[in-house]
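Fold and contact review
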Amino acid sequence: MPRAKKAADVAVETTEVKEEVKEEVKAAKKTAVKKPAKAKEPEVNVVVEYLDKNVAVKDLIEAVKEACKANGKADNIETINIYYQPENNKAYYVVDGNAQETPVEV
């Protein structure tokens with residue numbers, strides 16, 4: 001007939017099992033598969049060439065942003081749509097759905 005365990009013996013066994021589980025979890029974390037490093041996005045530069053003109057898109061964007069600042073519309077802008085016409089070197093733009101009257105020359 002099996003002998004009944006005392007509460008103290010059960011507590012010691014439980015503590016030992018908990019320690020073993022903690023060590024196994026630590027070991028599993030160390031050997032866990034690491035995610036591959038996220039690939040760095042390449043720097044992209046776009047230039048519009050038309051006849052003898054070269055306009056970088058980042059310069060076009062900066063010119064429109066400066067025009068927005070000059071018109072006092074630089075705060076809380078959600079969207080800017082730019083329509084560049086290389087034949088006359090002008091960029092028309094729409095800020096948050098409102099078309100702007102004066103184009104930007106680049």
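Everything below is about the structure printed above this text.
Residues numbered from 1 in each chain as written. Predicted model: local features only at pLDDT ≥ 70, side-chain atom pairs only at ≥ 80, totals over all residues. Heavy atoms only, no water.

The end-to-end C-alpha separation of helix α2 (residues 57-70) is 20 Å, in line with the 20 Å expected for 14 residues at 1.5 Å each. The set of residues buried in α2 consists of Leu60, Val64, Ala67 and Cys68. All buried residues of α2 lie within an arc of 100° about the axis, which places them on one face of the element. Across α2 from its buried face, at more than 90 degrees, point the exposed residues Lys58, Lys69 and Ala70. On its buried side, α2 packs onto β2 (53-56), β3 (80-85), β4 (90-95) and β6 (104-105). Taken from the residues just after α2, Gly72 is the one with a positive phi, measuring 75°. (Helix = DSSP H or I, 4+ residues; strand = E, 2+ residues; numbered from the N terminus. Expected span 1.5 Å × (residues − 1). Buried < 20%, exposed > 50% of the residue type's maximum accessible area, 1.4 Å probe, protein only. Arc of directions from axis to C-beta. Contact = heavy atoms within 4.5 Å.)

On the surface, Glu16, Glu19, Glu20, Glu23 and Glu24 cluster together into a negatively charged patch. In this structure, Glu16 sits in helix α1 (residues 7-30). (Patch = residues over 30% accessible without salt bridge, like charges linked within 9 Å, V, L, I, M, F, W, Y side chains within 5 Å. Areas by Shrake-Rupley, 256 points an atom, 1.4 Å probe, with all protein chains shown as cover. Salt bridge = Lys/Arg side-chain N within 4 Å of Asp/Glu carboxyl O. Lys, Arg positive; Asp, Glu negative; His and termini not counted. Charge placed at Lys NZ, Arg CZ, Asp CG, Glu CD.)

This next bit is on the nonpolar core. Ranked by size, the top nonpolar core spans 10 residues in total: Val55, Leu60, Val64, Ala67, Cys68, Tyr84, Ala91, Tyr93, Val95 and Val104. At the level of elements, α2 and β4 are the ones that each hand at least two residues to this core. Looking at which element gives the most residues to this core, the answer is α2, with 4 residues. Ignoring any residue separated from it by four or fewer positions in sequence, one finds Val95 in contact with Cys68, Ile77, Thr79 and Gln100. (Core = buried A, V, L, I, M, F, W, Y, C linked by side-chain atoms within 4.5 Å.)

What follows covers the pairing of β4. Where β3 meets β4, 6 bridges bridge the pair, whose relative direction is antiparallel. The partner of Ile80 across the bridge, within β4, is Val95. Counting the residues in the hairpin turn of β3 and β4 gives 4 residues, including Asn89, whose phi is positive at 55°. Where β4 lies against β6, 2 bridges are found, and the strand directions are antiparallel. Residue pairing in the sheet places Ala91 in a bridge with Val104 of β6. Looking at chain direction, β4 and strand β5 (residues 98-99) are connected through 2 bridges and run antiparallel. Residue pairing across strands places Val94 opposite Ala99, the latter belonging to β5. Counting the residues in the hairpin turn of β4 and β5 gives 2 residues, including Asp96, whose phi is positive at 50°. (Pairing = 2+ DSSP bridges.)

Moving on, we come to the side chain of Gln100. With respect to the helices and strands, the residue Gln100 is situated in the loop between β5 and β6. Polar contacts involving the side chain of Gln100 include one to the main-chain carbonyl oxygen of Asn98, which spans 2.7 Å. Those residues in contact with Gln100 that sit more than four places away from it in its chain are Lys73, Tyr93 and Val95. (Polar contact = N/O pair within 3.5 Å; in protein donor to acceptor, adjacent residues only side chain to side chain.)

Considering all chains together, one arrives at 1 salt bridge under this definition. Between Glu66 and Lys69 there is a salt bridge, with the nearest N and O atoms lying 3.8 Å from each other. With Glu66 and Lys69 both in helix α2 and 3 residues apart, this pair spans about one turn of that helix. On the basis of relative accessibility, which here comes to 44%, the residue Glu66 falls in the partly exposed class. With relative accessibility at 53%, the residue Lys69 sits in the exposed group.

Everything listed here is a matter of geometry and, on its own, says nothing about what the molecule does.
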